[in-house]
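# Fold and geometry: a report
For reference, the chains in residue letters:
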Amino acid sequence: MCFTALDFYKAGLPLPRGKHAGDQPAGGTRLRDYIWQRQMDSLVPDASRFLAWLIILNHIPAAWPFKGGPAWLLAQSKREWRRVRASLDTGEPIPIGLVRETSNVFDNHQVLAIGYEERGKDQAALFVYDPNCPDQVSAISLTFGERMLHGQQSCGDVPPLRGLFCQTYKPRDPTAAIGS
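Each value, and the rule that gives it
Residues numbered from 1 in each chain as written. Predicted model: local features only at pLDDT ≥ 70, side-chain atom pairs only at ≥ 80, totals over all residues. Heavy atoms only, no water. Phe/Tyr/Trp six-rings, centres within 6.5 Å; stacked < 30°, edge-to-face > 60°. Helix = DSSP H or I, 4+ residues; strand = E, 2+ residues; numbered from the N terminus. Buried < 20%, exposed > 50% of the residue type's maximum accessible area, 1.4 Å probe, protein only. Contact = heavy atoms within 4.5 Å. Disulfide = S-S within 2.5 Å. Polar contact = N/O pair within 3.5 Å; in protein donor to acceptor, adjacent residues only side chain to side chain. Axes fitted to C-alpha atoms, helices over the stretch in contact; angles between N-to-C directions. Parallel < 35°, antiparallel > 145°, perpendicular 65-115°, else oblique. Nonpolar A, V, L, I, M, F, W, Y, C, P; charged D, E, K, R; others polar. Salt bridge = Lys/Arg side-chain N within 4 Å of Asp/Glu carboxyl O.

### Structural notes on the packing of aromatic side chains
A complete count under the given rule lists 7 aromatic pairs for this structure. Aromatic side chains Phe3 and Tyr169 sit 5.1 Å apart centroid to centroid with 85 degrees between the ring planes, which places their arrangement in the edge-to-face category. Highlighted residues: Phe3 in helix H1 (residues 2–10) and Tyr169 in the segment after strand S6 (161–166), separated in sequence by 166 residues. Ring centres of Phe50 and Phe165 lie 5.0 Å apart, and the angle between their planes is 65 degrees; on these two criteria the pair is classed as edge-to-face. Taken as a pair, Phe50 in helix H3 (residues 47–59) and Phe165 in strand S6 lie far apart in primary sequence, 115 residues in all. Take Phe50 and Phe165: they sit in the same class, and that class is buried. One aromatic cluster is present, formed by Phe50, Trp53, Trp72 and Phe165 through successive ring pairs.

### A look at the environment of Ile35
Residue placement: Ile35 occurs in helix H2 (residues 30–43). Overall, Ile35 belongs to the buried group, its relative accessible area being 17%. Spatially, the C-alpha atom of Ile35 lies 30 Å from that of Arg79, the residues being 44 residues apart in sequence. Apart from the residues within four sequence positions on either side, Ile35 is in contact with Met1, Thr4 and Pro25.

### Quick look at the state of the cysteines
Per the counting criterion, the structure on display carries 1 disulfide. Across the disulfide, Cys133 is cross-linked to Cys155 (sulfur-sulfur distance 1.9 Å). Measuring the twist about the S-S bond at about 90 degrees, one finds the Cys133-Cys155 disulfide to be right-handed. Placement of Cys133 in the loop between strand S3 (123–129) and strand S4 (137–144) and of Cys155 in the loop between strand S5 (149–153) and S6 is noted, with a sequence separation of 22 residues between them. Assessed through its relative accessible area of 5%, Cys155 is described here as buried. As a non-bridged cysteine, Cys2 has Cys155 as the owner of its nearest cysteine sulfur, 11 Å distant. The exposure class of Cys2 is buried, given its relative accessible area of 4%. In this structure Cys166 is a free cysteine whose sulfur lies 13 Å from that of Cys2, the closest cysteine sulfur available.

### Observations regarding the side chain of His109
In this fold, His109 is placed in strand S2 (residues 109–120). Among the polar contacts made by the side chain of His109, one reaches the side chain of Asp130 at a distance of 2.8 Å. If sequence neighbours within four positions are ignored, His109 has contacts with Phe50, Ile96, Gly97, Leu98, Arg100, Asp130, Pro131, Asn132 and Gln153.

### Observations concerning the packing of H1 against H2
Close contact between H1 and H2 brings their axes to 7 Å; oriented N to C, the two are set at 115 degrees. Between H1 and H2, the angle is such that the two are roughly perpendicular. Across the interface between the two elements, Phe3, Thr4, Asp7 and Phe8 from H1 touch Leu31, Tyr34, Ile35, Arg38, Asp41 and Ser42 from H2. Of the residues assigned to the contact of H1 with H2, the class counts are 5 nonpolar, 2 polar and 3 charged.

### Thoughts on the pattern of salt bridges
Scanning the entire structure with this criterion turns up 10 salt bridges. Lys10 is the salt-bridge partner of Glu92, the closest N and O atoms lying 2.6 Å from each other. Here Lys10 lies in helix H1 and Glu92 lies in the loop between helix H4 (69–89) and strand S1 (94–100), a separation of 82 residues in the sequence. According to the relative accessible area criterion, Glu92 is partly exposed, its value standing at 33%. Judged by relative accessible area, Lys10 falls into the partly exposed class, the value being 40%.

Now the structure itself:
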């Protein structure tokens, strides 16, 4: 959904909406096929990253010589956070993968970062379009701690965030999906 949202944004088009919240495009329509393809486009290049980060978080010891666990995700997330800020500072929204404190890869998530606010030396708020809460700007509070990233989302009751990374996005023209 995040790639679809960004495609529509870049094309200067409003996101198609149903009459009611939660409405889905009918199966077999161009819009439904487009959304599905963009969802696959968002998952396939980064699926191994989601899996690797979960393995490192949950199964690789933090002690030397392995240096895994939440501290590894923190170090990677700090680098990725610089990339997120750089993109947002130029006015470009950026899709990001969220790695949560879980062992189930399906508990992780994708959002579209649209803004941020520094809130102290190691604290920030990341403002996102979250397809699970499409009618609002959601926030993720971030604290880059000494040993792990502490992140909490305003959208939904979800496990704490332990890592984030920029996703591999390539734009597509969405006009054919809406019949223009």
